[in-house]
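Descriptive analysis of the structure
Here are the chains, one letter per residue:
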Amino acid sequence: MGKEPEELQERPGRPTDGRTDAADAADPVGTADAGDAADAGDATDVLIVGGGITGLSCALFLRHHGVRCVLVERHASTSVHPRAWGWYPRTLELLRSVGAEGAVLEAAAGYAEHRRQATVESLTGREVKAVMLPAPGDLGAVTPSRQISLGQDRMEPIVREAADRAGAVLRFGNELTSFDRPEGPAGPVVATVKDRDTGAERRVRARWLVAADGGRSPVRETLGIRRVGRGTLQHQVSILFRADLTGPLAGRRFSICQIENDELKGAVLGHDDTLRRGTLILQYRPERGETPEDFTTGRSVALVRSAVGDPDLDVDVVGVLPWELAALSAERFRDGSVFLIGDAAHVVPPIGGYGANTGVHDAHNLAWKLASVLRGEAGEALLDSYDAERRPVAEATLEQAQLRLLVRSGRADGEQRRATADVLAVMLGHTYPSAAEPGARLPRFRDPAELAGEPGTRAPHVPVLLHGGGDGEGEGDGGREVPGSLLDVYGGDPAPVLVHGGGTAGDDEPVWARAAAEAARRAGVRLRTAGFGAGLRDLSERGWHERYGVRADGAVLVRPDGFVAWRSAGVPADAAGALTGALRRALAREEEPA
């Protein structure tokens, strides 16, 4: 997020000394100076294991909230394979909140025309069938962001650069070899990390460890956390290759092209530089004795030539990546001071493109909670809500991917087709029933156009005028009003925001602003306010309050992840008292501060 709107104010509930890093307010593991944790050599707040898109996103979100973190990744660089391909608006909203959306949109521009899906004998052979996918619809009514295509090999370097720029310590070519929690499961983690080039080892002490180390997660295995689900559905291999495809493509641009001939059945994925590069995805069957090692360079070249339909094609095989199409979820996402995110927590079949997006959403949900606890503004119990919120969403998303697989294969019955939710409902409309009002019954997924400000749901997008940089990018335009989204008000800080309407306390101060200051003092937390009629300008046709289910003088408490925590239809008799209770519940602060 860029410059905050001028009407967005902090209501501090406890004194601060002006330092920016969250850990400076509470130094839980003896972290040295506020500088680079690598200089300290052995201490940080969060150790992230795994440098894929999920781990890198976690590092970026943590640093955005001022949390010191070290990330270790056993490979020397980010992935060269495209892996995940499609990114939903919710993921873009989260990147928007940390100023990275612009770079991602720029990188995705080359994929804009890749909307052709076809089944062919080969790229040069007979086309059995083909369809043109419609251009992404206008989602401006529900989100300020877009749905894009961009290979993970292109996405990861963008997020890595943003995390590095934000101050995360990123150690590629370093492998976690062991970890312990000498003070007990909830205590700090002491890990041993080995540099794979030099063999040198170093100890890292962290208050928390986040496992983003993939579907075979060594961290999860060490903790003995079982996984449940249908397990491995298929064994796949991706062959990344370089070749001149100008002639075979003949001006066509595919999002995916199914290949069916006498030698193979597979799929070719297009890249934005698809005239020079492609990925061939094939299935192999261990029950027949087949292994990834069967895909030697020679055989891979022959398979690519068959898929292209040119026996003399000059092919350079960049890499062969075996992977499993699986449906599995860990039985728990938290084990004391260790958290699982992304594939370490859940492996989602790729149908629907949910897996990597869900991992990024995990990272965002966890990051603001760790930051809030580290600042001393939330109770430790807030961390339990990570599992309570994200695991049910992941399990339901996994089920949706399996339903889509059945539908695509033609094996779904009528009930299964009816149970298959729209992709935007899964990605933009997932809910957290555990955060809902007592007695409320929320569906697991809701049409994002029907979101109405209920606690436990994503806060609705409302177009507004903001003072300076309302698009989450850059430094803004000073005092000039620019169009943006009400979503831009949330997420810039690990503190909740009270969005409120008009109504004064008798001296031109909005009554909700006064109530917010008192509630923040009582609860011992920081609370930001954003007021309509007191700075924010509504550009919506219906009015922000109708979209959020309150009256014009009502208020809505929104968490840093953009989910509604509480709302008041109007101004209650004891607004400060009601808001104090809501703050304590949202941040797991049930006790009066000492």
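This text gives an overview of the structure that appears in the document. What you see is a predicted model; the values in this text were computed from it and never measured. Chains are numbered independently. Their residues run from 1 in the order of the written sequence. The predicted nature of this model means local features are confined to residues of pLDDT at least 70 and side-chain atom pairs, given and counted, to a pLDDT of 80 or more, with totals for whole chains, interfaces and linings taken over all residues. To obtain the side-chain values, all non-hydrogen atoms of the structure were used and water was disregarded.

**So, the side chain of Arg528**
The secondary structure listing takes helices from DSSP runs of H or I that are at least 4 residues long and strands from runs of E that are at least 2 residues long, numbered from the N terminus. Within the element layout of this structure, Arg528 appears in strand E23 (residues 527-531). Throughout this description, a polar contact denotes any pair of N or O atoms lying within 3.5 Å of each other; where both atoms belong to protein, one of them has to be capable of donating a hydrogen while the other can accept it, and for residues adjacent in sequence the pair is counted only when both atoms sit in side chains. Separated by 3.4 Å, the side chain of Arg528 and the backbone oxygen of Val489 make a polar contact.

**Digging into the packing of aromatic side chains**
Between rings of Phe, Tyr and Trp, where Trp is taken as its six-membered ring, a pair exists when centres lie within 6.5 Å; planes separated by under 30 degrees are stacked, by over 60 edge-to-face, and by other angles tilted. Evaluation of the coordinates by the stated rule reveals 8 aromatic pairs. Judged by centre distance (6.3 Å) and plane angle (65°), the rings of Tyr284 and Phe295 are edge-to-face. Placement of Tyr284 in strand E15 (residues 277-284) and of Phe295 in the loop between E15 and helix H8 (297-308) is noted, with a sequence separation of 11 residues between them. With respect to burial, Tyr284 and Phe295 carry one shared label: buried. With a centroid separation of 6.1 Å and an interplanar angle of 75°, the aromatic rings of Trp512 and Trp566 are classed as edge-to-face. With Trp512 in helix H13 (residues 511-523) and Trp566 in strand E26 (residues 564-568), the pair connects residues that are 54 residues apart, well separated along the chain. A 1.4 Å probe rolled over the protein chains alone gives each residue an accessible area, and that area as a share of the maximum for its type sets the label: buried under 20%, exposed over 50%, partly exposed in between. According to the relative accessible area criterion, Trp566 is buried, its value standing at 11%. Put simply, the rings of Phe333, Phe339 and Tyr386 touch in pairs and so form one group of aromatic residues.

**Let's talk about unusual backbone geometry**
With a phi angle near 50°, Arg83 is a residue other than glycine that sits in the positive phi range. As for its placement among the helices and strands, Arg83 is situated in the loop between strand E3 (69-73) and strand E4 (86-87). Even without being glycine, Ala588 reaches a positive phi, approximately 55°. Counting through the fold element by element, Ala588 comes out in the segment after helix H15 (575-586).

**So, the nonpolar core**
Leu47, Ile48, Trp87 and Leu150 are the most contacted members of the largest nonpolar core, which totals 96 residues. When residues in this core are grouped by element, the largest group, 10 residues, is from helix H9 (residues 355-374). Residue contacts are counted whenever heavy atoms from the two residues lie within 4.5 Å of one another. In this view, Trp87 contacts Ile53, Leu92, Arg146, Gln147, Ile148, Leu150, Gln152, Met155, Ala356, Asn357 and Val360; residues no more than four positions away in its chain are not counted. One finds Val120, Leu249, Cys257 and Val301 within the second-largest nonpolar core, a separate group that totals 26 residues. Nine residue types can take part in a nonpolar core, namely buried Ala, Val, Leu, Ile, Met, Phe, Trp, Tyr and Cys, and a core is a set of them joined through side-chain atoms within 4.5 Å.

**Focus on the sheet that holds strand E24 (residues 537-538)**
Pairing between two strands is assigned when DSSP locates at least 2 bridges connecting them. Sheet architecture is open: 3 strands sit in the order E21-E20-E24, paired in antiparallel fashion. A single partner strand is all that each edge strand has here, and the edge strands are strand E21 (481-485) and E24. Across 5 bridges, strand E20 (residues 463-467) lies against E21 in antiparallel orientation. Following the sheet pairing, Pro463 is matched in E21 by Ser485.

**Section: the environment of Gly376**
Here Gly376 shows up in the loop between H9 and helix H10 (384-409). We classify Gly376 as partly exposed; its relative accessible area is 28%. Along the primary structure Gly376 and Arg589 are separated by 213 residues, whereas in three dimensions their C-alpha atoms are 9.9 Å apart.

**Some details on the pairing of strand E5 (residues 116-120)**
Within E5, 4 of the 5 residues are buried, leaving the element largely enclosed by the surrounding structure. Relative to strand E13 (residues 254-260), E5 runs parallel, the two being bridged by 5 bridges. Residue pairing across strands places Thr119 opposite Gln258, the latter belonging to E13.

**Some details on H13**
For H13, built from 13 residues, the straight-helix expectation of 18 Å at 1.5 Å per residue is met to within 8% by its first-to-last C-alpha distance of 18 Å. Among the residues of H13, those classed as buried are Trp512, Ala513, Ala515, Ala516, Ala519, Ala520 and Ala523. Angularly, the buried residues of H13 cover 160° about the axis, an arc narrow enough to put them on a single face. Residue Gly524 follows H13 closely and has a positive phi angle near 70°. Expected helix span is taken as 1.5 Å per residue step, with the number of steps being one fewer than the number of residues. To obtain the arc, one takes the directions from the helix axis to the C-beta atoms.

**Re H10**
Spanning 26 residues, H10 covers 38 Å between terminal C-alpha atoms, matching the ideal 38 Å at 1.5 Å per step. Among the residues trailing H10, Gly410 stands out with phi positive, at a value near 80°.

**Here's the deal with the environment of Glu101**
Among the structural elements, Glu101 can be located in helix H4 (residues 101-108). A relative accessible area of 5% places Glu101 in the buried class. Considering only alpha carbons, one finds Glu101 and Ser145, 44 residues apart in sequence, at a separation of 8.6 Å.

**So, the pattern of salt bridges**
By convention in these notes, a salt bridge is any Lys or Arg side-chain nitrogen within 4 Å of a carboxyl oxygen on Asp or Glu. Counted according to the given criterion, the structure contains 32 salt bridges. Salt-bridge contacts for Arg68 lead to Asp45; the nearest nitrogen and oxygen are separated by 3.8 Å. Here Asp45 lies in strand E2 (residues 43-49) and Arg68 lies in the loop between helix H2 (53-64) and E3, a separation of 23 residues in the sequence. Assessed through its relative accessible area of 0%, Asp45 is described here as buried.

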